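Coordinates in review
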Amino acid sequence: MARSPLTAHHPAHALHLVLHDVRHVYDDDGVAVEALRGISLEIGRGEFVAVLGQSGSGKSTLLHVMGAMDRPVSGSVMLAGRDLTQLDEEARTAVRRREIGFVFQFFNLLPTLDLLENVMLPALLAGANTGEARARALELLKSVGLAALAGRRASGLSGGERQRGAIARALVNEAPLILADEPTGNLDRHAGGEIVRLLRSLPAARGTTVVLATHSPQVAEAADRLITLEDGRIASDRPTGAREDTTAREETTRDRGPA
Ligand SMILES: Nc1ncnc2c1ncn2[C@@H]1O[C@H](COP(=O)(O)OP(=O)(O)OP(=O)(O)O)[C@@H](O)[C@H]1O
Ligand SMILES: [Mg+2]
């Protein structure tokens, strides 16, 4: 099967993300809140990992640390061989723009821009010219089934359409790592299922590594691997067995192709 032109030029580190003894503490008006209490883990390139845990267990904090949005108070966060905690702000911004796609609820599409402009924006910020950004954005909107809505303002899209748009936006810079924080929150089962299938298809289609935080065990079971957080610590880390039975499904989905 022909692979997407967006694939295949990522450096071939087998390990994509390696965290060693990561601790993070928030200051809540002088009270220390220990959000991460010594997290060590290794994630391979092209893995689809779900992080499951109750509210307050540290899922979002973990994704923020992985995405160079927060600097942990101690420990190391190696992304493709570099320790994000040691980079200066300029280098961290470049990593966020070029190497990571974010699908976060609080980082929604800009309501006054149309869908196409929203998806183009990270490409423009990363220095692509307008024609190139537009072409890539249109291709991605097709692949998430939203080409017909490219000119619609984001404020006029449904929740599921926005989340699919956010995934297209997260992919526009061919980011090798996608971090998705509760991407199915506030969606009904059908729309949520579509988002999960879309994320699920990325590792095989593009070699993308996906880390998904959720409090839903059903959503988490779609991943290859399930890391459960409890009170800022890893309580368990196990394969789900989803990888084998999804490969066949992905082939079928991709054969059908975008609308
Ligand atoms: N900005 C902040 N200031 C103070 N404490 C914070 C801050 N952000 C998170 N926390 C605390 O850190 C802990 C971990 O929070 P985090 O947001 O990572 O949890 P979560 O697993 O993502 O929860 P949820 O499922 O509700 O999104 C919680 O105790 C939370 O109250
Ligand atoms: Mg959270």
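Cut-offs applied
Each chain has its residues counted from 1, following the order in which its sequence is written. Throughout, the order in which chains and ligands are written sets their labels, letters from A for the former and numbers from 1 for the latter. Side-chain atom pairs in this predicted model are given and counted only at pLDDT of 80 or more, local residue features only at pLDDT of at least 70, and totals for whole chains, interfaces and linings cover all residues. Using a C-beta atom placed from the backbone for every residue, we mark a residue as near a molecule or strand if that atom lies within 6 Å of it. By the criteria applied, helices consist of DSSP H or I runs no shorter than four residues and strands consist of E runs no shorter than two, each listed in order from the N terminus. Note on residue categories: nonpolar means Ala, Val, Leu, Ile, Met, Phe, Trp, Tyr, Cys or Pro, charged means Asp, Glu, Lys or Arg, and polar means any other residue, Gly included. pLDDT expresses how confident the predictor is about each individual residue, on a scale running from 0 to 100. A pair of residues counts as a contact when their C-beta atoms, built from backbone coordinates, are separated by no more than 7 Å. For two strands to pair, DSSP has to find at least two bridges joining them. Where helices are involved, their axes are fitted lines through C-alpha atoms of the stretch in contact, as for all axes, and angles between N-to-C directions lie from 0 to 180°. Three classes are used. A residue is buried when 20 or more other C-beta atoms lie within 10 Å of its own, exposed when 12 or fewer do, and partly exposed in between, with C-beta atoms placed from the backbone. Geometric relationships in this document are graded by angle, where less than 35 degrees denotes roughly parallel, more than 145 denotes roughly antiparallel, 65 to 115 denotes roughly perpendicular, and other angles denote oblique.

Brief notes about the site of ligand 1
Around ligand 1 lies a shell of 13 residues, among which Tyr26, Ser55, Lys59, Ser60 and Thr61 are the nearest. At 3 residues, helix H1 (residues 59-66) tops the list of elements feeding residues into the shell around ligand 1. Taken together, the residues of the shell around ligand 1 break down into 3 nonpolar, 8 polar and 2 charged.

Looking at the confidence of the model for the protein chain
Summing up the model confidence of the protein chain, the mean pLDDT is 87 and the portion of residues at 70 or higher is 88%. Throughout residues 1-12 the model reports pLDDT below 50, and contacts reaching past four residues in sequence, or to other chains, amount to 12 contacts. Within the model, the stretch residues 246-259 combines pLDDT values under 50 with 12 contacts to residues more than four positions away or in other chains.

Concerning the sheet that holds strand S10 (residues 233-239)
A sheet is described by the order of its strands in space; here 6 strands give the open sequence S6-S7-S8-S3-S9-S10, paired in mixed fashion. With partners counted over all chains shown, the strands left at the sheet margins are strand S6 (100-104) and S10, one partner each. Put simply, the sheet's adjacent strands are angled 15° from each other on average, direction ignored. Sheet analysis places strand S9 (residues 225-230) next to S10, joined by 6 bridges and oriented antiparallel.

Let's talk about unusual backbone geometry
Positive phi, close to 60°, is recorded for Ala68, a residue that is not glycine. With respect to the helices, strands and loops of the structure, Ala68 is situated in the loop between H1 and strand S4 (74-79). Given 21 C-beta atoms within 10 Å, Ala68 falls into the buried group.

What about the environment of Arg153?
Within the fold, Arg153 resides in the loop between helix H4 (130-143) and helix H5 (159-171). Residue Arg153 is classed as partly exposed on the basis of its 16 C-beta neighbours within 10 Å. Considered as a pair, Arg153 and Asp114 are 39 residues apart in the sequence and their alpha carbons are 3.8 Å apart. Dropping the residues within four chain positions of it, Arg153 is found in contact with Pro111, Thr112 and Asp114.

Some words on the sheet that holds strand S1 (residues 15-28)
Read across the open sheet, the 4 strands follow the order S2-S1-S4-S5; overall the sheet is antiparallel. Each end of this open sheet is capped by a strand with a single partner; those strands are strand S2 (31-44) and strand S5 (82-83). When S1 meets S4, the two strands line up antiparallel, connected through 5 bridges. The residue bridging Leu17 from the neighbouring strand is Leu79, located in S4. Sheet contacts for H1: S1, S2 and S4; angle to S2, the most-contacted strand, approximately 60°.

What to know about H1
Among the 8 residues that make up H1, 8 are buried, leaving the element largely enclosed by the rest of the structure. Buried within H1 we find Lys59, Ser60, Thr61, Leu62, Leu63, His64, Val65 and Met66. Residue Ala68 follows H1 closely and has a positive phi angle near 60°.

Section: the pairing of S1
The pairing of S1 with S2 spans 11 bridges and is classified as antiparallel. Bridging across to S2, Leu15 finds its partner in Gly44. Between S1 and the antiparallel strand that follows it, S2, lie 2 residues; Asp29 among them carries a positive phi value of about 50°.

Quick word on the packing of H5 against helix H6 (residues 189-206)
Interaxial distance between H5 and H6 falls to 9 Å at its minimum, and their mutual angle equals 10°. With respect to H6, the element H5 is oriented roughly parallel. Facing H5, whose interface residues are Gly159, Gly160, Gln163, Arg164 and Ile167, H6 presents Ala191, Glu194, Ile195, Leu198 and Leu199. Class assignment for the residues of the contact of H5 with H6 results in 5 nonpolar, 3 polar and 2 charged.

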